[in-house]
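Below, each chain spelled out in residue letters.
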Amino acid sequence: LVSINLFSLNAQILQGNSSLGVQAGYCLNLQSHNFECCNCSCCPTHCPETAKGYYFGLNYQLPIGFSNLGLNAKLNYYYTSYQSIRDLGGEYAKRFIDNVDNPVLKFTQTVSTSTIILDLLTSYDFNSLKLYGGFSFGNYIRARIKYEADIISPENATFSDNSKHK
C-alpha cells in the first residue's frame, strides 16, 4: 500500500518546545488487490488500482534537546474506496453461465477500506525544510468488497435465477 496525502490541513498548538496538532486531508492510495476468483489464465489475479479517500488524525512532536532533531507520533484514520470494471469472457465467464457459448460478463468490483495507522518518526529541520523518517504501523479495521456481474452477451443468456444481473 502506497499512500499519497493531498490537500493536507494541519493545525498545531505549541506547548513550550513541543506541539500537539490535528491533521486532515484527501489521499490517494495505490493498492493491489488479489482477485483469486479462479485458477485459469483468463482471470486477472492482481489488479493495481488507485483508491481515493480522506484521512484525519492527531500528531505530537517533541524536540530532542536544542538541536534540529525531533520525535514525532501521528495517529491517523484513513478511508479509501475504488471501483474496477472489466469485461471478462472465456473460461471465467463459463464458470457463471455454462449453458451458452462464448458468454461475456461485465464484472464490477468495489473495494472500500478503513485503516488506522500509527507513525513513529524522527525529524530534522533544515531551515524551513523538515525531513521525516521512521516507521508506520497500520491495521485494517474494516474492508468491504462488493462484486457485481452483468451479462453482456449473448442477449438471451441469464444466470441460474433467470436474471441478467448478480
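Everything discussed here concerns the structure shown above.
In this report, we go over the structure that sits alongside the text. On a predicted model such as this, the values are computed, not experimentally measured, just so you know. (Residues numbered from 1 in each chain as written. Predicted model: local features only at pLDDT ≥ 70, side-chain atom pairs only at ≥ 80, totals over all residues. Heavy atoms only, no water.)

Quick word on a nonpolar patch on the surface
What counts is decided by this rule: Patch membership is restricted to residues that have no salt bridge and whose relative accessible area is over 30%. Joining uses 9 Å for like charges and 5 Å for the nonpolar side chains Val, Leu, Ile, Met, Phe, Trp and Tyr. Computed with a 1.4 Å probe, the accessible areas rest on the Shrake-Rupley method; for each residue, only the protein chains presented here act as cover. Any carboxyl oxygen of Asp or Glu within 4 Å of a side-chain nitrogen of Lys or Arg constitutes a salt bridge here. Helix and strand labels come from DSSP, where a helix needs a run of H or I of at least four residues and a strand needs a run of E of at least two; each type is numbered from the N terminus. In this scheme, a residue with accessible area under 20% of its type's maximum is buried, one over 50% is exposed, and one in between is partly exposed, where area comes from a 1.4 Å probe on protein chains only.
A cluster of nonpolar side chains, contributed by Leu20, Tyr60, Leu62, Ile64, Leu69, Leu71, Tyr124, Phe126, Leu129 and Leu131, occupies part of the molecular surface with about 890 Å² of accessible area. At the level of elements, strand E3 (46–63), strand E4 (69–89), strand E5 (104–126) and strand E6 (129–153) are the ones that each hand at least two residues to the nonpolar patch. Mapped onto the elements, Ile64 comes out in the loop between E3 and E4. According to the relative accessible area criterion, Ile64 is partly exposed, its value standing at 38%.

Some remarks on the packing of aromatic side chains
Here is the rule: Planes of paired rings set the category: under 30 degrees apart is stacked, over 60 is edge-to-face and the rest tilted, where pairs are Phe, Tyr or Trp rings (Trp by its six-membered ring) whose centres lie within 6.5 Å. When the NZ atom of lysine or the CZ atom of arginine is within 6 Å of a ring's centre and also within 35 degrees of its normal, the charge is said to sit over that ring.
The final tally for this structure, using the stated rule, is five aromatic pairs. Both rings, one in Tyr55 and one in Tyr78, keep their centres 5.3 Å apart while their planes meet at 20°; by these two values the pair is stacked. With Tyr55 in strand E3 and Tyr78 in strand E4, this pair connects stretches of sequence that are 23 residues apart. Note on accessibility: Tyr55 and Tyr78 belong to one class, buried. When the ring centre of Tyr132 is taken as reference, the NZ or CZ atom of Lys74 above it lies at 5.0 Å.

Let's talk about unusual backbone geometry
Note that the residue after Ser153, namely Pro154, is joined by a cis bond; omega there is -5°. Residue Asn162 is not a glycine yet carries a positive backbone phi of 65°. Position of Asn162 among the secondary structure elements: in the segment after E6. Asn162 gets classed as exposed once you look at its relative accessible area, which sits at 64%.

Details of the environment of Gln12
Heads up, the condition is: For this analysis, residues touch if any pair of their heavy atoms sits within 4.5 Å.
Mapping Gln12 onto the fold places it in strand E1 (residues 2–15). Considered as a pair, Gln12 and Leu58 are 46 residues apart in the sequence and their alpha carbons are 9.5 Å apart. Residues in contact with Gln12, not counting those within four places in the same chain, are Ser19, Leu20, Gly21 and Asn59.

Read these as geometric descriptors, not functional statements.
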